[in-house]
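Summary of structural features
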Amino acid sequence: MNLCDYNEIKKLLSDFDFKFSKSLGQNFIVNPTVCPRMVEMSGIDEESGVVEIGPGIGVLTAELAKKAKKVVCIELDTRLIPLLGITLAEYENVEIINADVLKTDLHALIKEKFSGMKVFVCANLPYYITSPVIMALLESRINVESITVMVQKEAAQRMCAEVGSRDSGAVTVAVNYYAQAQKLFEVPSGSFMPAPKVDSCVMKLTIRKEPPVSVSDETFFFRTVRAAFGQRRKTASNSISAGLGIPKQAVINAIADCGFSPDVRAEALTMEELARLSDAVKGNL
Ligand code: SAM
């Protein structure tokens, strides 16, 4: 089956009386160049295991199955399971799990399904859960080489921004702590059925072996970063004291200890400077 052919897809969906669910972020790729390019740039090879989130009707899954050793897909929408049984019938290396990715124990899944393989995540994500999925994948430190995902263009811009630049935010810092983020290519809305209102971008997060900075208390570092970026128009000292609920003087002292300008804003600070600042704030409490 040609899973990028409009008429074939329409027939398939009508045979199953399938109606797209907006709330599940169902926009399926119909541009035939997108999935092969994603797979190519993901670095997956014939020895790889792949976790795909949200296979839809299997357009990306089929490309992954041609290249990888094994593909395990997690699809929440029960209506798509029989449909995937048909569209992916020719691929013996694909397994479909009917579950919510956010409630799936990926450590256990990887251990059980991909013993001895290098594992990759590759997906056209449902956009309503982009950040929770990416942060869950990163924070749980699942054993994967990289995460290649299609996300809304603005989300990719934010996650792939340089820490210390105008576009950076708390999520930029968090992503960069765990991975090297790279925008791969943009995908216009006309590449999907139905076409979403937003443009998209494929990005690759290559998991770091070690974080790029060392902090004395990781949890406190992330709390400080979230607070610092919490009120974008305010100075870091105001945002951090309000966000962490601590005396402003303690933050002012910490900023002075680091040698930063008293009115510095979070987006002007590099990863290393944010790490130093969180340690200094902790030291001034
Ligand atoms: N991979 C297909 C493609 O590229 O055409 C479909 C991508 S579509 C943007 C997102 C898919 O994720 C849909 O199939 C949707 O049903 C599924 N999905 C939505 N929420 C999910 C969740 N919490 N867990 C797993 N799959 C989910």
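Summary of the structure given here. (Residues numbered from 1 in each chain as written. Predicted model: local features only at pLDDT ≥ 70, side-chain atom pairs only at ≥ 80, totals over all residues. Heavy atoms only, no water.)

1. Describing the environment of Glu-218
Stated formally: Secondary structure follows DSSP: runs of H or I at least 4 residues long count as helices, runs of E at least 2 residues long count as strands, and numbering of each begins at the N terminus. The criterion used for residue contact is that any of the two residues' heavy atoms lie within 4.5 Å. The definition of a polar contact used here is a pair of N or O atoms within 3.5 Å, where within protein one atom must be able to donate a hydrogen and the other to accept one, and adjacent residues in sequence count solely through side-chain atom pairs.
For Glu-218, the position within the fold is in helix α9 (residues 218–228). Sequence-wise, Glu-218 and Leu-60 are 158 residues apart; in three dimensions their C-alpha atoms are separated by 36 Å. Once residues lying within four places of it in the same chain are set aside, the contact partners of Glu-218 are Arg-141, Tyr-177 and Tyr-178. A polar contact is formed between the side chain of Glu-218 and the side chain of Arg-141, at a distance of 3.2 Å. A distance of 2.7 Å separates polar atoms of two side chains, one belonging to Glu-218 and the other to Tyr-177.

2. Some details on the site of the ligand
Filter applied, for reference: Any residue with at least one heavy atom within 4 Å of a molecule or strand is counted as near it. All accessible-area figures derive from a Shrake-Rupley calculation using a 1.4 Å probe, and residue coverage is judged against the displayed protein chains alone. Cavities and pockets are defined on a 1 Å grid built over the protein atoms alone: a cavity is a set of grid points where a 1.4 Å probe fits but cannot escape, while a pocket is an open set with protein on both sides within 12 Å along at least five of seven lines, and lining residues are those with an atom within 4 Å of any such point. Just a note on the criterion: a molecule sits in a pocket or cavity if more than half of its atoms are within 2 Å of the grid points. In the scheme used here, Gly and all other residues not listed as nonpolar or charged are polar, with Ala, Val, Leu, Ile, Met, Phe, Trp, Tyr, Cys and Pro taken as nonpolar and Asp, Glu, Lys and Arg as charged.
In the vicinity of the ligand, 24 residues are found, and the nearest of them are Ile-29, Gly-54, Glu-75, Asn-124 and Tyr-128. Between the ligand and the protein, one listed contact pairs an oxygen atom with a backbone N or O atom of Ile-29 at 2.8 Å. Between the ligand and Pro-55 there is a distance of 3.3 Å, counted from a nitrogen atom to a backbone nitrogen or oxygen. Protein burial of the ligand: of its 590 Å² of free accessible surface, 99% is covered by the chains. If you map the ligand onto the pockets, it falls in the largest pocket. Each residue belonging to the shell around the ligand can be placed in one class, and the counts come to 14 nonpolar, six polar and four charged.

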